[in-house]
Structures are given as structure tokens and as C-alpha cells.
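What the coordinates show
In case you want the letters, here they are:
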Amino acid sequence: MIDGDDIHGDGVNVAARLEGLAEPGGVCVSAAVYDQVRDRIELPFEDLGEQRVKNIDRPVRIWRWVRDTVASSPGVDQMPLPERPSIVVLPFNNMSRDPEQEYFSDGITEDIITDLSKASGLFVIARNSAFVYKEKTFSVPHVCRELGVKFAVEGSIRKAGDRVRVTAQLIDGTRGGHLWAERYDRDLTDIFEVQDDITQQIVAALKVRLSEAEKSLIVDGGTKDVNAHDLFLRGRELILGLKRDREMFDQSTTYFRRAIEIDPSYAAAYAGLGMAYILDYQNHWTDAPEKSLDQADRFTAQAIARDDQDPFAHYVAAMVAMFMRDYERWAHEADRALLLNPNYAPALNMRGTVHIYTGEPAKAIPMIERAIRLDPISRQQHVHFLGTAYFVAGDYETAAALFRDRIALNPTTDLSRAFLASALGHLGKLDEAGEVWRELKEINPRYSPVEHIGRLPFRDPSDAEKFTVGLRQAGLVQ
């Protein structure tokens, strides 16, 4: 349909999606176009299979022009594939035509990621890195190369009243072919069975053996009450989101408490409350934030008492122990979270920080590097701790390079600049240290190195002293 200078229609919509799926400088065409040109041009095309794209209800079969340089397209980092079957679960599309249902499709996606992550035979990309592709047009092979994995899961969810339709497909990211696909039309009360079946089918298609313990973890976790689960998904969406304020705290805790009222044995809801109170302890939203750490401790203890197999509960408990400087508990809870979920990137970073602050930085480095590999999009969050590990180990050259990396990724950081200035002081690079310090003071005029180092939970004062010594050698503090 032509409307003035605009052209509308199904073909236009498909073409717009194909443009977004094409590699930089590349070409993608629909099956209809390919069928017309296949015998008329001598160019190689690769079948990417049926892809679900935004605003198109049906899958679209796509063919890509193959060129010699496609494997090294600009902006795509080539990471070696892990030895284990590697996979990313991309955010399921919300097909309900109601933005208010976004939390539900996101929540189901995250539940599937968590269940797959419990399989020690799999390498599963973390939620944060998977969700960076939400509402973006992409090709699965491109995403797999970007994240360094071989397989991807795509799907959609349509929730209407008491019914839910879920589609899911497992794709080989190296060839674009489908290994498994299924559509579920069920009552909403069957959503847990659908999630379990999707997980089991993916594991079977990838020929991964599950131990009996792993099978039990995947099937038995969480609540069986749909309403309680729905409330938990709403609360979790808030605490994992970018919004950080009192309104977020009040809304999330309300959802978690209502979930507990429905199912008092729902461990994850208690853990969610614990996480919300940790955020309040850090950000001081409520009238008595100093009491929030004790609240978080109480709720995480209740979560673990109800379900000792919930990795999220143990991760939150590790955070509580970190702030309380309870080093043995901190290590125990992080270890427990990783035992239950070997692909848990935040728990890996958490376990690494235990080693940093207890004087074993060499042990921290491979853990934090693995966290970055599982969650490359969140590199800027992890790389500061990796720099701190090298700093405590006395490798100031590597530490300085990593802190520069963090600053490039997060230009407003004051903490990484302080550590960089100290590392440069140890290296005798006084002019650069002074420049970094001036930048820090422009970002945070109230920055205090004494308060900063006092907040960090170093068990050995000599490790903390390295920070002050470097600043002193740079002439930045007395």
C-alpha cells in the first residue's frame, strides 16, 4: 500500500527485518526471493532456517549471501568455543501484544536459563549477556559468534487469560539449522511442566548426560503455585532492572511478600526479599537502612531453611556474609551456589572476591575470568575485581591495564580510578597518576581514600595498605 511517500505492507516489514539480520556489508533475502534467483545468479547462499522476527507473527525462512569475510565481520569478537556444548537462551518474544506481560516472557526465559545452567555438562551464557539482544533484530549465527557459543534457543510466549502458548526452538549457530522445535498450547497452570520439558528436550538434543542430582534440581525447584510464581517474576524483574530507587524497593518487596502469603514455603521469594534489603542497605532508601542488612540476613536464612537447593538464595546469603565480613560463611555460600549452578557468573565473581579479600588473589583470577566468559556483556562489572586481584598480587602493570579497561567501559567510575592512581604510584608513573586523580576529583569531589579502603573487606590490613602506599608514592595523600 502506498501512502504519500510511505510504503506499507508485509513485504516491507520482512525486508526491514532482513536488513537488520544481515551482517555489516552483507545481504539476507527471504525464501521467496531466493527461490526466484537461485538458478539465475552464481553466488553462494546459506540457509539460516526459519527465524522469528519482531512484528511478524509467522517464522520467516532466511537465506544469507556467503562471502569470504563474513566470519570476521566488523565488531564481532571471535572467541574460541568451550569444550562443553555451549548455548545462549535469547529473550523469548512477548506475543501477548500487552507490554505489561513483558515480565512474564522475561521471567520464563530466565527460568530456562537457570535450569540449563544447573547442568554441569553445559556452558550457558548468563542472563545479562543474553538479554542485551532483547527487542533487537539479529541473526542467530552472528549472536553465537559474538558470545562464543555453538547453540541458541529462541522462542515466544503468548499469555491470554488462563491459557499460554509457548514456542521454542534450538538452533545450531554455526549452520543456522534447527535441532529441535516445539509449540505448547497449555493451561497457565502447566507452565512449570512446559519449562521442564523445554529444558529436558534441549539437554537431550545436545546429548548431555544429567546426574540424578541435576535432574532433581531442574524438576523440583521453586513453587508449584502459578500465582505465587507470577508475583515472584514481577518482583525479580524489578530488582534485576536498571531502576534503583525507593519506588522499586517498595514494589518489589510487595510482590515478594504477596508471593509468600500464597506459598509460605517459596524459598526464592524470601531470597528476593533478602536481595531487595541488600540494595536498600547499599543505597539508603528507607528510614533505617542500617537495619536492612539484618533483614536481608533473616530473609535469606528463611529461604535456605525452606529450600537448601536454591542457588539464588545461597548467592544472596554470600552477599550478606560479604557485608558482614564473615569470611567462612561468605566462601561457603558462594561455593554452595556454584555447586548447585556451575554456570552462575555472579556467584563465580563472588567466590573470586572472597579470595581477593582473604589474601589469595591468584585463586581469584581464573574464577573472575570465567565469570567474564560466561557474561561478557557485564565485563565492566567484573573487570574491576580482576584488576583488584592483580593489584593485591603485586602485579601493578596488569592491574593498571585492567583498571584502564574498566574506565573505558564505565567512564564515570571513581573506584577504578583510585586503584589505577595507586597502581601508577607503585609503578613510578607519577604524572599519569596525577592526571587520573584530577579526573577522579572532577567526578566525585567528595571522594575519600580513607573511607573507600575502610569499606573494602580486606582481612589482612597489609593488603589494604598497598592501596594507601601507592597513593602516597604518587604524592596524592600524606
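Counting restarts for each chain: residues are numbered from 1 in the order of the written sequence. The model is predicted, so local features are restricted to residues of pLDDT at least 70 and side-chain atom pairs to those at 80 or more, both for listing and for counting; the totals for chains, interfaces and linings are taken over all residues. Each side-chain value is derived from all of the structure's non-hydrogen atoms; neither hydrogens nor water enter the calculation.

Phi is positive for His284, close to 60 degrees, though the residue is something other than glycine. Only DSSP runs of H or I reaching four residues or more are called helices, and only runs of E reaching two or more are called strands; each is numbered from the N terminus. By secondary structure assignment, the location of His284 is in the loop between helix H10 (267–283) and helix H11 (292–306). Each residue is assigned to one of three classes by its accessible area relative to the maximum for its type, calculated with a 1.4 Å probe on protein chains only: buried under 20%, partly exposed between the two thresholds, exposed over 50%. Residue His284 is classed as exposed on the basis of its relative accessible area, which comes to 54%. Of note, Arg325 is a non-glycine position whose phi angle comes to about 55 degrees, a positive value. Within the fold, Arg325 resides in the loop between helix H12 (311–324) and helix H13 (327–340). Given the relative accessible area of 34%, Arg325 is considered partly exposed.

Within the element layout of this structure, Ile453 appears in helix H20 (residues 449–455). By relative accessible area, which is 14% here, Ile453 ends up buried. Once the C-alpha coordinates of Ile453 and Gly272 are considered, the two residues, 181 residues apart in sequence, prove to be 29 Å apart. We call two residues in contact whenever any of their non-hydrogen atoms come within 4.5 Å of each other. Ignoring any residue separated from it by four or fewer positions in sequence, one finds Ile453 in contact with Phe458, Ala464 and Phe467.

A few words now on the pairing of strand E11 (residues 178–187). Each pair of strands is called paired provided DSSP finds at least two bridges between the two strands. In the sheet, strand E10 (residues 163–172) pairs with E11 via nine bridges, with the strands oriented antiparallel. Among the inter-strand pairings, Arg165 is bridged to a residue of E11, identified as Asp185.

Next up on the list: the pattern of salt bridges. A pairing counts as a salt bridge when a side-chain nitrogen of Lys or Arg comes within 4 Å of a carboxyl oxygen of Asp or Glu. Under the counting rule described, the total for this entry stands at 26 salt bridges. The partner of Lys118 in a salt bridge is Asp115, and the shortest N-O contact between them spans 3.7 Å. Its relative accessible area of 7% is what places Lys118 among the buried residues. Under the relative-accessibility criterion, Asp115 is labelled buried at 8%. Notably, a salt bridge pairs Asp335 with Arg351, separated by 2.7 Å at the nearest N-O pair. On the criterion of sequence distance, the pair formed by Asp335 in helix H13 and Arg351 in helix H14 (residues 345–357) is long-range, its members being 16 residues apart. Residue class for Asp335 comes out partly exposed when judged on its relative accessible area of 36%. By relative accessible area, which is 11% here, Arg351 ends up buried.

A separate point is the sheet that holds strand E3 (residues 28–30). Across the sheet, which stays open at both edges, the three strands sit in the order E3-E5-E4 with antiparallel pairing between neighbours. In this open sheet, the two edge strands, each paired with only one partner strand, are E3 and strand E4 (45–51). The average undirected angle you get between the axes of adjacent strands in this sheet is 30 degrees. Every axis in this analysis is a line fitted to C-alpha atoms, fitted for helices over the stretch in contact. Angles between the N-to-C directions lie between 0 and 180 degrees.

Inspection of the secondary structure assignment puts Ser448 in the loop between helix H19 (430–443) and H20. Residue classification places Ser448 among the partly exposed positions, given a relative accessible area of 22%.

A few words on helix H9 (residues 246–262). Expected span of a helix: the number of residues minus one, times 1.5 Å. Over its 17 residues, H9 runs 25 Å from end to end, which matches the ideal 24 Å to within 8%, given 1.5 Å per residue. Those residues of H9 that sit buried are Met248, Phe249, Ser252, Thr253, Phe256, Ala259 and Ile260. The arc enclosing the buried residues of H9, seen along the axis, measures out at 120 degrees, which places them on a common side. Buried positions along H9 lie against helix H8 (226–239) and H10. Polar contact criterion, stated in full: a pair of N or O atoms within 3.5 Å, where within protein one must be able to donate a hydrogen and the other to accept it, and residues adjacent in sequence count only if both atoms are side-chain atoms. Its side-chain oxygen placed 3.3 Å from the backbone nitrogen of Glu247, Asp245 serves as the N-cap of H9. Along the arc lie the directions from the helix axis toward the C-beta atoms.

Before going further, it helps to spend a moment on the pairing of strand E6 (residues 86–89). Burial along E6 is two-sided: the residues Ser86 and Val88 and Ile87 and Val89 are all buried. When E6 meets strand E8 (residues 123–124), the two strands line up parallel, connected through two bridges. In the strand pairing of E8, Ser86 is matched with Phe123. Here three bridges tie E6 to strand E9 (residues 151–160), and the two strands are oriented parallel to one another. Counterpart to Val88 in the pairing with E9 is Ala152.

Glancing now at the packing of H10 against H11. Contact geometry for H10 and H11: axes closest at 8 Å, N-to-C directions at 165 degrees. By the angle between their directions, the pair H10 and H11 is classed as roughly antiparallel. Taken as a pair, H10 and H11 cross one another with a handedness that is left-handed. Residue-level inspection shows Ala267, Tyr270, Ala271, Leu273, Gly274, Tyr277, Ile278, Asp280 and Tyr281 of H10 in contact with H11, the latter providing Ser292, Leu293, Gln295, Ala296, Phe299, Thr300, Gln302, Ala303 and Arg306. In this count, Pro and Cys sit with the nonpolar residues alongside Ala, Val, Leu, Ile, Met, Phe, Trp and Tyr, while Asp, Glu, Lys and Arg are called charged and the others, Gly among them, polar. When its residues are assigned to classes, the contact of H10 with H11 shows eleven nonpolar, five polar and two charged. Note that the term roughly parallel is reserved for angles under 35 degrees, roughly antiparallel for angles over 145, roughly perpendicular for angles of 65 to 115, and oblique for everything else. Left-handed is the label given to a crossing in which the near helix is rotated counterclockwise from the far helix by less than a right angle, and right-handed is the label when the rotation is clockwise.

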